Amino acid sequence: MQRRSLVAAATAMPALLPLMALPSRGRAQTLAAEQQWFIFLETGRPVPEDKAAVAAMQAGHLENFKRLFADGKLFAAGPMRDPARVKRGIVVVQAPNRQVLMSYFHPDEYVREGYMTVNAQPAKVHQALNHTGIDPNGIEEHRIVLFSRAEEKDREAVPVFLQRALDEGVIGAWYSLEDGPVGEVVFMRGTDETSLRKTMAEYPGLSDQRVTMKIWAQWLGKGVLK
């Protein structure tokens, strides 16, 4: 029940996001100076056995994302396939501090009651996931790539390498996380990993296991990853 409920909640998430209204120009400019945060929604305690209660939580979970998107606070969200079933999905929001960020999830019973937990890190956005002109008619499967934090001797080489991958079109979005075990998060459009794996084989520190790389399925609304 736990796995089915969490997956159902996550997979429904991106289908609603493309339908949400975009913030006004003035609102977007006001928020532009605020910090962007990259969030992993992670598995918490087991959800109730009551199917009706879970369905109500799911509806509230999605409505909260819809409200945040309409308010110009949320830019992207979507479920992922973590083989360990720890990380359930990603969310990108803008907030002045962690306290305000956590207040965004107060209406979300999944988070409020501990069925999902919020693992949020301040992020440097090199190339953002798209949040304008989204196709409202469905979702697409892509790839998310998580790199562990680089050692000191590799920290200058990593952004040079990923910028080249971005310029060459191998990846379509890229976020650097300020703290925690994950240092870099990139997204590749589509599901053919051939070019991605060939390019990333040269990632600084990967060949001698100074860093680790995880490639998982990621679902996003159509047009979120160009």
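Reading the values: rules and limits
- Residues numbered from 1 in each chain as written.
- Predicted model: local features only at pLDDT ≥ 70, side-chain atom pairs only at ≥ 80, totals over all residues.
- Heavy atoms only, no water.
- Pairing = 2+ DSSP bridges.
- Helix = DSSP H or I, 4+ residues; strand = E, 2+ residues; numbered from the N terminus.
- Axes fitted to C-alpha atoms, helices over the stretch in contact; angles between N-to-C directions.
- Contact = heavy atoms within 4.5 Å.
- Salt bridge = Lys/Arg side-chain N within 4 Å of Asp/Glu carboxyl O.
- Buried < 20%, exposed > 50% of the residue type's maximum accessible area, 1.4 Å probe, protein only.
- Arc of directions from axis to C-beta.

S.K.: Explanation requested: the sheet that holds strand 5 (residues 139-148) in the structure shown.
M.R.: Picture the strands of a sheet paired through backbone hydrogen bonds; they go either parallel or antiparallel. Within the open sheet, the eight strands sit side by side as 2-3-1-4-6-7-5-8. Their pairing is antiparallel. The strands lining the two open edges of the sheet, one partner per strand, are strand 2 (74-79) and strand 8 (213-221). Neighbour-to-neighbour, the strand axes of this sheet turn through a mean angle of 30°, independent of strand direction. Docked against the sheet, helix 3 (residues 51-70) engages strand 1 (35-43), strand 2, strand 3 (87-95) and strand 4 (116-127), running at close to 150° with respect to strand 2. Docked against the sheet, helix 6 (residues 157-167) engages strand 4, strand 5, strand 6 (173-177) and strand 7 (182-188), running at close to 165° with respect to strand 6.

S.K.: Explain the pattern of salt bridges to me, please; I cannot follow it from the model alone.
M.R.: Think of it this way: side chains of opposite charge can pair up when their charged atoms draw near. This structure, assessed with the given rule, holds 11 salt bridges. Here R112 ties to E113 by a salt bridge, and the two come within 3.6 Å at their closest N and O atoms.

S.K.: I'm lost on helix 6 in this one. Help?
M.R.: Helical geometry note: an α-helix holds 3.6 residues per turn, so side chains three or four residues apart project in the same direction. Along helix 6, the residues that are buried comprise V158, F161, L162, A165 and L166. Buried residues of helix 6, seen end-on, are gathered within an arc of 140° and therefore sit on one face of the element. For helix 6, the exposed residues set more than 90 degrees away from the buried face come down to V160 and D167. Trailing helix 6 by a residue or two, G169 shows a phi angle of about 80°, which is positive.

S.K.: How should the pairing of strand 2 be read in this particular structure?
M.R.: Within a regular strand, side chains alternate between the sheet's two faces. Most of strand 2 sits out of view: six of its six residues are buried. Judged from the five bridges that link them, strand 2 and strand 3 form a sheet pairing that is antiparallel. In the sheet register, G78 faces strand 3, and the bridge partner there is I90.

S.K.: Explain the environment of F38 here, please?
M.R.: Looking at the element boundaries, F38 is found in strand 1. Expressed as a C-alpha distance, the spacing of F38 and Q94, which sit 56 residues apart in the sequence, is 8.9 Å. Those residues in contact with F38, other than ones at most four positions away along the chain, are I90, V91, V92, N119, A120, Q121, A123, Y175, L177, V185 and F187.

Keep in mind that these numbers describe shape and distance, not what the molecule does.
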